[in-house]
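What the coordinates show
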Amino acid sequence: MTLLQKLSLAATISSATFSIAASIPKNIEKTILPDNVVRCEPSAGCINQTLFGRSYKVITTPRFTVMVSISHEGVYTRADVSIANHTDTPLSMSPEDFRVEVLTPKPKVLLYVSPAKLVLPPPPLPPAPAAAPTPTPPSPTEAQTNPAAPDVEALYAAAQQKAAQQEAAEKAAAEQNLTATAIAPNEVTRGRVYFERDKKSHLVNVVLPIAGLVFEFPYAMKH
């Protein structure tokens, strides 16, 4: 191969390498995060979990478990948030500190909208509660054979009813607006947080500063 051919080949390889590197979007390049920032990505142990019929992204640290599910509601961006405190001291949290960063196509910040400024349609009426199953009483023969035996069906029905009531209470709490609070040790707070909406947003980053840490949840929005 002549010197001219070698130089031509080197120039071709260099040009191809530059084109590949230039085509990598800046928003997906690997970045070094500050020590107090925890981003939802596989290396941080971020997982998906379904709760109350919604798909959440979940980050767990020694101090917190933080869950976020994002959607659109009317003219707002809505984030359903759940925060569990794993420490032995109360931890302060305020949704006013939260924000949604639009990364593409045009970077901007979607600010928090307080509940007093929300204009939302009335929620649909809840379905009628299902009747609790009626346990079948033991037959006289069974009662005479073992009069001290517990009514297993009644105990099972009571446990089912208690679990359903607890789930209903947690779901109702998750459907309320999240407010500033001090999360007690080993307790969970849940609620909805509303932000401005950008109808053209594609990639966004939900940013939740909580007690000195900053949790980030990247999302590809659906319109």
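Right, let's walk through the structure included here. (Residues numbered from 1 in each chain as written. Predicted model: local features only at pLDDT ≥ 70, side-chain atom pairs only at ≥ 80, totals over all residues. Heavy atoms only, no water.)

1. What to know about the overall build of the chain
If you tally the helices and strands in the chain, you get 3 helices and 13 strands. Taking all 223 residues of the chain together, the buried fraction comes to 30%. Partitioning the contacts of the chain with sequence separation of at least 6, the portion at a separation of at least 24 is 61%. (Helix = DSSP H or I, 4+ residues; strand = E, 2+ residues; numbered from the N terminus. Buried < 20%, exposed > 50% of the residue type's maximum accessible area, 1.4 Å probe, protein only. Contact = heavy atoms within 4.5 Å.)

2. Observations concerning the sheet that holds strand β3 (residues 54-60)
In a beta sheet, neighbouring strands are held together by backbone hydrogen bonds and run either parallel or antiparallel to one another. Within the open sheet, the 6 strands sit side by side as β2-β3-β4-β5-β11-β9. Their pairing is antiparallel. Looking at the sheet topology across the chains shown, the edges are occupied by β2 (47-51) and β9 (112-113). Here 4 bridges tie β3 to strand β4 (residues 64-73), and the two strands are oriented antiparallel to one another. The residue of β4 that forms the bridge with V58 is M67. (Pairing = 2+ DSSP bridges.)

3. Brief notes about the pattern of salt bridges
Inspection of every chain in the model, using the stated rule, returns 6 salt bridges. The partner of R39 in a salt bridge is E216, and the shortest N-O contact between them spans 3.0 Å. Remark: E216 occurs in strand β13 (residues 213-220) and R39 occurs in strand β1 (residues 37-39); sequence separation between them is 177 residues. Taking the shortest distance from any N to any O, the salt bridge between E73 and R78 comes out at 2.9 Å. For R78, a relative accessible area of 9% translates into the label buried. (Salt bridge = Lys/Arg side-chain N within 4 Å of Asp/Glu carboxyl O.)

4. A word on the packing of aromatic side chains
This model, assessed by the stated rule, comprises 2 aromatic pairs. Look at F64 and F215: their rings are 5.8 Å apart centre to centre, the planes differ by 90 degrees, and that puts the pair in the edge-to-face class. Of this pair, F64 sits in strand β4 while F215 sits in strand β13, and the two are 151 residues apart along the sequence. On the basis of relative accessible area, F215 is assigned to the buried category, the value being 0%. Judged by centre distance (5.9 Å) and plane angle (75 degrees), the ring pair of Y76 and Y194 falls under edge-to-face. One end of the pair, Y76, is in strand β5 (residues 76-85); the other, Y194, is in strand β11 (residues 188-195), and 118 residues separate them in sequence. A relative accessible area of 8% means that Y76 is categorised as buried. Over the aromatic face of Y219 sits the side chain of K57, whose NZ or CZ is 4.3 Å from the ring centroid. (Phe/Tyr/Trp six-rings, centres within 6.5 Å; stacked < 30°, edge-to-face > 60°. Lys NZ or Arg CZ within 6 Å of the ring centre and 35° of its normal.)

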